[in-house]
Every structure is written in structure tokens, then in C-alpha cells.
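Here are the chains, one letter per residue:
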Amino acid sequence: MTAWDSLWTNARIATMAPSGYASPGDDPYGAIEDGAIAVAGGEIAWIGTAADLDRTQARGVPAHDAGGAWITPGLIDCHTHIVYGGNRAAEFEQRLNGATYAEVAQAGGGIVSTVRATRRASVDELVESALPRLSAILSEGVTTVEIKSGYGLDTKTERRMLQAARRIPEHLPVDVETTFLGAHALPPEFAGDADGYIDLVCREMIPAVAETGEADAVDAFCETIGFTRDQTERVFRAARDHGLPVKLHAEQLSDLGGAALVAEYGGLSADHLEYAGEEGVRALAGAGTVAVLLPGAFYYLRETQLPPVDLFRAHGVGMALSTDCNPGSSPVTSLLLMLNMACTLFRLTPAEALAGVTREAARALGLQDLIGTLEPGKAADFALWNIGSPGELAYPAGFNPCRAVVKYGVLVGGEM
Ligand code: DI6
Ligand code: FE
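Computed from a predicted model, the values in this text were never measured in an experiment.

Novice: How do you make sense of the sheet that holds strand β6 (residues 75-77) when you look at a structure like this?
Specialist: The strands making up a sheet are joined through hydrogen bonds of the backbone, oriented either antiparallel or parallel. Taking strand neighbours across the sheet as the criterion, the 8 strands line up as β6-β7-β8-β9-β10-β11-β12-β13 in an open arrangement whose pairing is parallel. On the outer flanks of this sheet lie β6 and β13 (319-321), each paired with one strand and no other. Going across the sheet, the axis of each strand differs from the next one's by a mean of 25°, ignoring polarity. As paired strands, strand β7 (residues 142-148) and strand β8 (residues 175-183) are joined by 5 bridges and run parallel to one another. Across the sheet, the residue bridging to Lys148 is Thr179, located in β8. Running at roughly 170° to β8, helix α6 (residues 155-167) makes contact with β7 and β8 of the sheet. Strands β8, β9 (217-222) and β10 (247-250) of the sheet are contacted by helix α8 (residues 229-241), whose axis makes an angle of about 175° with β9.

Encoded structure:
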């Protein structure tokens, strides 16, 4: 019998386990009233009701009284571009003063300006500029984030972005999953030669980020303003040859068949998906690929085409939610706001929204055996909230009810 390191008692627990672990039935939160969690070695050793707690084993174990607070799994932000140089605030302002997107781009703005600033930044500078944004995200109970490259667009800078992402846990209590997104945009030096750039991505960049372990996965932007379906498939083949799982920015602005393609490669997730049709949704369902919805980009781009949420439900496609934190289309550092916007804009239920930043976000990262629900054997990553019901997390906009954050069983934020 493993000795327990600590106990969390007097809690109401939303386990988010699929069929209501420890409280069977169809409660979408898998709630345990008057619950307790025992931690050993940074993992959940036991979870259940106070009445079922083994008093003998609990004797002498340091206990934290949650004071009746709700506990959820630590939240997971599964799609961010939070590491980058410079910012695009001036562009935001120029456009609201009447400049068109093309004029901004001609004046050296847009994504290329972020690439320029990122190429100029050292790893230290990239880490330093990402930390305040990440701190804001973590203050809302987030314990794991995914971070993409994609503003370097040359081997050296793409790798620097991933190295910066890998160093973030030295500064903040968070686990980082990295994704190589070399096929995000065409760098200016390859203008008119997208296939030539994809050659570089496949022959030089993917082997490098796979060999060094700098990337955990590979992503691409399959879009009229990004890369074609064929170019994307070449990226996926290179990823597969190097043992890296894939995911895709798919069907954000048009339907190029990206969802079906990423499903064909057994992808972890297809992200955005406003323009996905039933064929794509069916393919995602067949492959168990998660649909990652990004209400921040939908809002900033003033998109009107809604992602096909009813089709995802009908075909049993899991839905995750994320900030898409990036300097252009989603300068967002609040995952709770994404819960609210997914409910108000996309008509998700609050339970679907919370599952989208816990259980489903874990699946979108391939980490479902380690995090995303509160169950024995998973990481003791959780957040305590001053709320009356778990659905309340999706209710306010701009209010943070997070009371404390626990990472691997240790209090890392807030107070008890
Ligand atoms: N889709 C987006 O919305 C962002 N990247 C992507 O593939 C935009 C990134 C930017 O404008 O900086
Ligand atoms: Fe994105």
C-alpha cells in the first residue's frame, strides 16, 4: 500500500471522468459531493467520498481543507502560439482606423511582421516575452499548455521557438507540449515557391525537431492563404516517417478537405473547423480525432460561419476548446472566456465547455492517460474554485473565481 503524501478534503469534485467515475449515472461533470483526494508521488492515489475514505490510511497524512470549494482537473490550453516576438497592437489600431488587411501587409505588418520580430529575438527574449501572457492563462487554473512554433519559418528560428517553449516550465508551474508548425505561412524568401519551402520543412526542419526531441507533434495550416492539401500531406508523411503525431489548422476559412486528411493520418486534432462539412466530421469520428474549437479567432476575425457543433455531437466527435493565443487572430489569454464564448457563440453546454478544456483537451494532446480527468493514477493537477456549480465556470466574462491551483499534488497558485 503506497503511503499518501497529502489529502484534500471537504471538496465538491467535478472529476470530468467519462461516465461519472465514482458517481455513475449521466452527470456530465462526474461529480462527487463531499469528496476527498489522496495524493502520492504527484499522482492521485485515491479519490471518492469522505464516507469511503480509509481512516487508517489517512491517519497522520497532511490534510488541506477545501472549505466546500469545487475542484476540477487542472485546465488544459491545447492550442497556443504564445511564444513569438513583437506584437501587433499597432496593426489592430490601423485596421480600425480604416487600413485594409492588404495595406497593413504591404506596410510590412501582419504575420510577416511577427516573423521578422521573432527571427530577431533570442531564446531568452522569447521566453521572457511569453511569461506574462502565460501567467495570465495559468491564473485561471491552467496546468498544461500546448505551444506551437510557426513564426520562424526557417530552421534556426523554428527551433529557437520550440527551445523557448521547452524552457517555460523552469519559470512557471506548467507542463508544455510543443508542436512544430513550420508550415504556417510562406516566408518572404520563398515567395512564389511554396513547394520549395515544403521541401525544406520536410527534409530539414522535421528531421531536426524530431531528432532533438524539440517537438512533440507536427501541425500545418491547410488553407487557401496557407498550404494546399497536397503540401499538407507531404508534411504529414514526413512527420509519420519521423514518428511524430500530427494535427491540423483545418477548415478555418474554407473547406479544403483538411479534416478528412488529418483523420487519414490518425491525427490528434483538427482545429478551427468552421467550414467543415459532414464528410470531414465523419472522418474525424472514425479516427477518434478531436475537434478543437477556437472562439477567440472566430470573434477577432468577425467570422459568421459557425463550426458544425450539431454534427460533432451526432457523430460523437469530442470537442476541445482553446485560446489559440497568438498576436494576430486571437490575442487572448483567458481560457475561461473561451468557455463562455463557446457557450454564447457556438451554443456548447457549460458541461461540454468544461470537458473541452479538461478531458477532451487531454485527448487532443494524446495525454488522456495522464491528465484531463480526476481519477486514480492520473497527475494530481487540479484547480479549486469559488463557485456554486461547475457550470458556473462558463457563466461570467472577465471574472476569475480560481482560488488555488495544485500541480503534481503541490499548491502552486492561490492560497488555501
Ligand atoms: N490561423 C490563425 O488564425 C493564426 N494562424 C493560423 O494558422 C493567425 C496567426 C497570425 O495572424 O499571426
Ligand atoms: Fe492557431
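Novice: I tried to follow the layout of surface pockets on my own but got confused; where do I start?
Specialist: Any empty space left between atoms is shown by rolling a water-sized probe over those atoms. Taken as a whole, the largest pocket holds about 1100 Å³ of empty space. Taken together, 39 residues line the largest pocket, and the ones lying closest to its centre are Arg88, Tyr101, Leu301, Gly328 and Ser329. When residues of the lining of the largest pocket are traced back to their parent elements, those giving at least two are α2 (89-96), α3 (101-106), α4 (111-120) and α11 (295-300). Of all the elements, α2 adds the most residues to the lining of the largest pocket, at 5 residues. Partitioned by chemical class, the residues of the lining of the largest pocket number 22 nonpolar, 11 polar and 6 charged.

Novice: So what exactly am I meant to see when it comes to the environment of Arg234 here?
Specialist: In this structure, Arg234 sits in helix α8. For Arg234 and Phe180, which are 54 residues apart along the polypeptide, the C-alpha to C-alpha distance reads 15 Å. Apart from residues no more than four positions distant in its own chain, Arg234 is found in contact with Asp195, Ile198, Asp199 and Cys202.

Novice: In this structure, what is going on with unusual backbone geometry? I would like to understand it.
Specialist: Trans is the common state for peptide bonds, and a negative phi is the common state for residues other than glycine. Positive phi, close to 50°, is recorded for Arg302, a residue that is not glycine. Within the fold, Arg302 resides in the loop between α11 and α12 (309-315). Positive phi is not limited to glycine here, since Tyr408 has a value of about 50°. Inspection of the secondary structure assignment puts Tyr408 in the loop between β15 (402-407) and β16 (410-414). For Tyr408, a relative accessible area of 42% puts it in the partly exposed group.

Novice: Whenever I open this one, the nonpolar core confuses me. Can you help?
Specialist: Nonpolar side chains tend to gather and get buried jointly when the protein is soluble and globular. Counting residues in hydrophobic clusters, the biggest one holds 97 residues, and the most contacted among them are Val83, Ile168, Phe180, Leu273, Leu284, Phe312 and Leu339. Sequence-distant contacts of Leu273, that is, excluding residues within four places in its chain, are made with Ala250, Glu251, Gln252, Ala259, Leu284, Ala291, Val292, Pro307, Pro308 and Phe312. Residues Ile44, Ile71, Ala380 and Phe382 belong to the second largest nonpolar core, which totals 16 residues.

Novice: Help me understand the coordination of the iron ion (ligand 2), please; the structure alone is not making it clear to me.
Specialist: Six octahedrally arranged donors around a metal ideally form angles of 90 or 180 degrees; four tetrahedrally arranged donors ideally form angles of 109.5 degrees. The protein atoms donating to the iron ion (ligand 2) are His79 (NE2), His81 (NE2), His249 (NE2) and Asp324 (OD), with metal-donor distances spanning 2.1 to 2.3 Å. The coordination sphere of the iron ion (ligand 2) comprises 4 donor atoms, whose angles at the metal cover 81 to 168°; the geometry is irregular. Spacing between the donor residues of the iron ion (ligand 2) along the chain follows H-x1-H-x167-H-x74-D. For the pair formed by His79 and His81, the shared burial category is buried.

Novice: Looking at this structure, how should I read the site of ligand 1?
Specialist: Lining the immediate environment of ligand 1, one finds Arg88, Tyr151, His184, Phe221, His249, Gln252, His272, Asn326, Gly328 and Ser329. A distance of 2.7 Å is found between an oxygen atom of ligand 1 and a side-chain nitrogen or oxygen belonging to Tyr151. Here a nitrogen atom of ligand 1 sits 2.8 Å away from a polar atom, N or O, in the side chain of His184. In isolation ligand 1 exposes 320 Å². Once the protein is present, 92% of that is buried. Among the detected pockets, ligand 1 sits in the largest pocket. By residue class, the composition of the shell around ligand 1 is 2 nonpolar, 7 polar and 1 charged.

Cut-offs used in this document
Residues numbered from 1 in each chain as written. Chains lettered and ligands numbered in written order. Predicted model: local features only at pLDDT ≥ 70, side-chain atom pairs only at ≥ 80, totals over all residues. Heavy atoms only, no water. Pairing = 2+ DSSP bridges. Helix = DSSP H or I, 4+ residues; strand = E, 2+ residues; numbered from the N terminus. Axes fitted to C-alpha atoms, helices over the stretch in contact; angles between N-to-C directions. Contact = heavy atoms within 4.5 Å. 1 Å grid on protein atoms, 1.4 Å probe; cavity = no way out; pocket = protein on both sides within 12 Å on 5 of 7 lines; lining within 4 Å. Points joined across faces, edges and corners; volume = space filled by probe spheres on them. Nonpolar A, V, L, I, M, F, W, Y, C, P; charged D, E, K, R; others polar. Buried < 20%, exposed > 50% of the residue type's maximum accessible area, 1.4 Å probe, protein only. Core = buried A, V, L, I, M, F, W, Y, C linked by side-chain atoms within 4.5 Å. Donors = N, O, S within 2.8 Å, 3.2 Å for Na, K, Ca; no water. Tetrahedral: all angles 85-135°; square planar, octahedral: opposite > 155°, others 65-115°. Near = heavy atom within 4 Å. Polar contact = N/O pair within 3.5 Å; in protein donor to acceptor, adjacent residues only side chain to side chain. Areas by Shrake-Rupley, 256 points an atom, 1.4 Å probe, with all protein chains shown as cover. Sits in = over half its atoms within 2 Å of the grid points.

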